[in-house]
Amino acid sequence: MKTMNRILNSKWLVSGVSLTLGTGIGAGLVGLKKANEIPSIREPLSDIYNRIPIIPIPNVDAATDLSKYHTGQVGTARATEIMKYGFPALTHIKNRESYVLSYDPRNRTAHWVIEQLNIPNLTGESDRKCSEFKEDDSVHVYHRATNWDYKGSGFDRGHLAAAANHKWNQKAMDETFYLSNTAPQNPHLNQKAWNGLEKYCRSLTRHYQNVFVCTGPLYLPRTEADGKMYVKYQVIGKNNVAVPTHFFKVVILEKRSGEVELRSYVMPNAPVDENTPLERFLVPVESIERASGLLFVPNIMKRTSSLRAITAGGK
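Residues numbered from 1 in each chain as written. Predicted model: local features only at pLDDT ≥ 70, side-chain atom pairs only at ≥ 80, totals over all residues. Heavy atoms only, no water.

Engineer: How would you summarise the overall build of the chain if you had to cite specific residues and measurements?
Structural biologist: Looking only at helices and strands, the chain features 10 helices and 15 strands. Split into buried and exposed, the 315 residues of the chain put 53% on the buried side. Contacts in the chain between residues far apart in sequence, at least 24 positions, make up 75% of those at least 6 positions apart. In the form shown here, the chain has an accessible surface area of approximately 14,400 Å², with 51% of it arising from carbon and sulfur atoms. (Helix = DSSP H or I, 4+ residues; strand = E, 2+ residues; numbered from the N terminus. Buried < 20%, exposed > 50% of the residue type's maximum accessible area, 1.4 Å probe, protein only. Contact = heavy atoms within 4.5 Å. Areas by Shrake-Rupley, 256 points an atom, 1.4 Å probe, with all protein chains shown as cover.)

The structure is reproduced here in structure tokens:
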């Protein structure tokens, strides 16, 4: 049985998280101290569980199923470790070999996707040439995107959990090609600036013990000619797949010392100059929490007494 089904049917469940994105993209450069290079070492799960506050969720009743994680293991413990910092929301949860997502059946894409990056996960012989974009048959046919929806739309099938983050296992990489893990993305953004942000997240594994990445779409309001604010977005294909106005990434960085850093990015779903410093896209995590309906900081603060949020112009 899939890991997340077993977790969701458990008597106790890690508490959820909620998000929203307010006003705009921050500007300015951030002075970041370069962390000491730290090899990627998995923390024993028994230690992790001891630090995770478990909160009962109403209407969930079954036994907990948490087991020790072993390197290379596929199954329950991997998903449990990925969700160390809690669920941003608890609707339509889907567990894959190497990421966890919450699916949005109305918009035919994900609410959020969470991955855990470290050097072992990024290393392997998996090849994206062996993978193909495919419908997610775990989603009801009424609520899923198809490849035909994207055909001729002018949008890329933009990964939320990036394929290159899952080289450790071919099946894990293949599962990033489910259309439930994609959203219509401007081709220039997908192939340039957004790709640059994904590469940057991978590079952080050289300096931090673990890198947790939560990615998702945003549908932000804008002021129209009449002075009123509206949320407007395009849909594509027969299944009316929603085109996000923006995308977010919330990056949780663990140092071996136990300190945690938080970096939050938002990019518009439009061409972005790839030479623009990534610091220009840093925003306060509160703005993402407000805009997305998710919450991150409360869960993180339950797991660490040392949180440093990096924002545009901050230290």
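Engineer: I'd like a rundown of the sheet that holds strand β15 (residues 307–310), residues and numbers included.
Structural biologist: Here seven strands make up an open sheet; going across it, the order is β3-β4-β5-β8-β13-β14-β15 and the pairing mixed. Of all the strands in the sheet, the pair left with one neighbour each is β3 (93–95) and β15. Averaged over all pairs of adjacent strands, the angle between strand axes in this sheet comes to 15°, irrespective of strand direction. Relative to strand β8 (residues 210–218), strand β5 (residues 109–117) runs antiparallel, the two sharing five bridges. Pairing of Leu 117 across the sheet is with Val 211, part of β8. Across the sheet, helix α8 (residues 193–203) touches β5, β8, β13 (246–254) and β14 (260–268), and the angle it forms with β13 is around 10°. (Pairing = 2+ DSSP bridges. Axes fitted to C-alpha atoms, helices over the stretch in contact; angles between N-to-C directions.)

Engineer: Tell me what's going on with the side chain of Arg 144, and back it up with residues and numbers.
Structural biologist: With respect to the secondary-structure elements, Arg 144 resides in the loop between α4 (119–122) and α5 (147–150). Ignoring sequence-local partners within four residues, the contact set of Arg 144 consists of Tyr 103, Arg 108, Glu 135, Asp 136, Asp 137, Val 139, Asp 149 and Asn 239.

Engineer: How would you summarise unusual backbone geometry if you had to cite specific residues and measurements?
Structural biologist: At Arg 108, a position not held by glycine, the phi torsion is positive, near 65°. In this fold, Arg 108 is placed in the loop between β4 (99–104) and β5. The phi dihedral of Asn 240 is positive, around 55°, even though this residue is not glycine. Mapped onto the elements of the fold, Asn 240 is located in the loop between β11 (235–236) and β12 (241–242). Taking relative accessible area as the criterion, Asn 240 reaches 42% and is therefore assigned partly exposed.

Engineer: With reference to specific residues and values, describe the side chain of Lys 94.
Structural biologist: Its place among the elements puts Lys 94 in strand β3. Despite its burial, Lys 94 remains without a salt bridge, the nearest opposite charge being carried by Asp 136 at 4.9 Å. In contact with Lys 94, other than residues within four places in its own chain, are Tyr 99, Val 100, Leu 101, Tyr 103, Asp 136, Ser 138 and Val 139. (Lys, Arg positive; Asp, Glu negative; His and termini not counted. Salt bridge = Lys/Arg side-chain N within 4 Å of Asp/Glu carboxyl O.)

Engineer: Pulling in residues and values, what's your account of helix α9 (residues 285–292)?
Structural biologist: Of the residues making up α9, those classed as buried are Val 285, Ser 287, Ile 288 and Glu 289. In this fold, the buried residues of α9 make contact with β13, β14 and α10 (297–301). Two residues or fewer past α9, Gly 293 is found with a positive phi of approximately 85°.

Engineer: Run through the pairing of strand β7 (residues 182–185), naming residues and quoting values.
Structural biologist: On β7, burial covers both faces: Thr 182 and Pro 184 on one face and Ala 183 and Gln 185 on the other are all buried. By the bridge criterion, four bridges tie strand β6 (residues 156–159) to β7 in an arrangement that is antiparallel. Its bridge partner being in β7, Gly 158 is matched across the sheet by Ala 183.

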